[in-house]
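# Residue-level structural notes
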Amino acid sequence: NSFVARRLGLRRGEPRHRKWAVMGHFLGVESPADHGEMIVTGYGYCGINPLPGGLSNVCIVVDPAAMRRPIPGGERLRRFFNERIAGHPLTRRRMARAEPAGPLMATGPIACRTARSVADGAILVGDASGFYDPFTGEGISMALRGAGMAAEVLLEALSRGDLGARALEPYEAARRAAFSRRLRLDRLLQEILARPRLADWVAARLRRDPDLADLLARVTGDLEDAARLYRPRFLARLLLA
């Protein structure tokens, strides 16, 4: 919800993907200590990530289309969160002995985009330049990569004494080249997750071919180019797994 993006008139909503997130820190969560989990549920999904000191970050992401009322606040937010956790057998088991280590927080709608990422005297980096969904965890890696691109463009622009939008345009082009395929993948994954039978079908084939699952994890972890998932070889292996 970037103040700068809004004041510059660059922020745009994502009306087809208006998910909300509710998260908190907990002690006593029964989950693996060496990796996070993303649990697909009837209302959306739940992410459980281990933190130092025995803490876990637990976040539910909810599709408002499945809800009767807007996300509540205060004690109603706690009940809302607990009802979703209790509504899935795996999250219920993970949180059976969990105790809150702080207040719950809610944010949303999560997704947003921008008309462009540069203006006279301004560059939008990280979530300010657009964000889709936390399921694939792209936020931090995209922010860091975007900051590197911005630094290169700014160094050149400052050396010339020109911070106009045209001088900063190379950042826009670099960001589009780096992230466009990845963002298309995020949208594709959300379309799959919205269809439980299709999600189960894909998950079953990834389970049968661990190399494909590993490739998908590396792409979503920003360690591989998303273009590898669009090649016919990947689709053929998925269909035949």
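Residues numbered from 1 in each chain as written. Predicted model: local features only at pLDDT ≥ 70, side-chain atom pairs only at ≥ 80, totals over all residues. Heavy atoms only, no water.

### Quick look at the pairing of strand E4 (residues 44-50)
Counting buried residues in E4 gives five out of seven residues, a clear majority hidden from the surface. In this structure, strand E3 (residues 37-40) lies alongside E4, joined through four bridges in antiparallel fashion. Considered in E4, the bridge of methionine 38 is made with glycine 47. Hairpin remark: E3 followed by E4, antiparallel, with three residues in the connecting loop. By the bridge criterion, seven bridges tie E4 to strand E5 (residues 55-62) in an arrangement that is antiparallel. (Buried < 20%, exposed > 50% of the residue type's maximum accessible area, 1.4 Å probe, protein only. Helix = DSSP H or I, 4+ residues; strand = E, 2+ residues; numbered from the N terminus. Pairing = 2+ DSSP bridges.)

### Comments concerning the pattern of salt bridges
Going through the model one piece at a time under the given rule, you end up with 12 salt bridges. Here arginine 94 ties to glutamate 37 by a salt bridge, and the two come within 2.8 Å at their closest N and O atoms. Of this pair, arginine 94 sits in helix H3 (residues 89-94) while glutamate 37 sits in strand E3, and the two are 57 residues apart along the sequence. Per residue, the accessibility class of arginine 94 equals that of glutamate 37, and both read buried. Its salt-bridge partner being aspartate 214, residue arginine 218 comes within 2.3 Å of it at the nearest N-O pair. Placement of the pair is arginine 218 and aspartate 214 together in helix H7 (residues 210-220), with a separation of four residues, close to one helical turn. Here the salt bridges share partners, and the residues they tie into one network are Asp214, Arg218, Glu224 and Arg228. (Salt bridge = Lys/Arg side-chain N within 4 Å of Asp/Glu carboxyl O.)

### Quick word on the pairing of strand E2 (residues 20-27)
Pairing analysis gives eight bridges linking E2 to E5, with the strands arranged antiparallel. Residue pairing for E5: methionine 23 is matched across the bridge by cysteine 59. Bridge analysis of E2 against strand E7 (residues 105-107) gives three bridges, and the strand direction is antiparallel. The partner of alanine 21 across the bridge, within E7, is threonine 107. Bridge count between E2 and strand E6 (residues 99-100): two bridges; the pairing is antiparallel. Pairing of leucine 27 across the sheet is with glutamate 99, part of E6.

### Observations regarding the layout of surface pockets
As a volume, the second largest pocket reaches approximately 540 Å³. In this structure, the second largest pocket is lined by 25 residues; those nearest its centre are Lys19, Asp63, Gln190, Leu193 and Ala194. When the residues that make up the lining of the second largest pocket are grouped by side-chain class, the tally is 11 nonpolar, five polar and nine charged. (1 Å grid on protein atoms, 1.4 Å probe; cavity = no way out; pocket = protein on both sides within 12 Å on 5 of 7 lines; lining within 4 Å. Points joined across faces, edges and corners; volume = space filled by probe spheres on them. Nonpolar A, V, L, I, M, F, W, Y, C, P; charged D, E, K, R; others polar.)

### Some remarks on H7
Buried residues of H7: Leu212, Leu215, Leu216, Val219 and Thr220, and no others. In an axial view of H7, the angular spread of the buried residues amounts to 130 degrees, which keeps them on one side of the axis. In H7, the exposed positions angled more than 90 degrees off the buried face are occupied by Pro210 and Asp211. Residue aspartate 222 follows H7 closely and has a positive phi angle near 65 degrees. (Arc of directions from axis to C-beta.)

### Focus on the nonpolar core
Grouped together as the largest cluster of nonpolar side chains are 17 residues, with contacts concentrated most on Phe26, Val58, Ile60, Phe81 and Met95. Looking at this core, the elements with two or more residues in it are E2, E4, E5 and helix H2 (74-86). Ranked by residue count, the leading element in this core is H2, at four residues. In terms of nonpolar packing, the next biggest core, distinct from the first, is built from 14 residues, Leu189, Ile192, Val202 and Leu216 among them. (Core = buried A, V, L, I, M, F, W, Y, C linked by side-chain atoms within 4.5 Å.)

### Thoughts on the packing of helix H4 (residues 139-160) against helix H5 (residues 165-193)
Two elements in contact, H4 and H5, have axes separated by 8 Å at closest approach and are oriented at 165 degrees. The orientation of H4 relative to H5 falls into the category roughly antiparallel. Both H4 and H5 take part in a crossing whose hand is right-handed. Mapping the contact onto sequence places Met142, Arg145, Gly146, Met149, Ala150, Val153, Leu154, Ala157 and Arg160 in H4 and Ala167, Leu168, Pro170, Tyr171, Ala174, Arg175, Ala178, Phe179 and Leu183 in H5. Within the contact of H4 with H5, the residues separate by chemical class into 14 nonpolar, one polar and three charged. (Axes fitted to C-alpha atoms, helices over the stretch in contact; angles between N-to-C directions. Parallel < 35°, antiparallel > 145°, perpendicular 65-115°, else oblique. Left-handed = near helix turned anticlockwise from the far one by under 90°. Contact = heavy atoms within 4.5 Å.)

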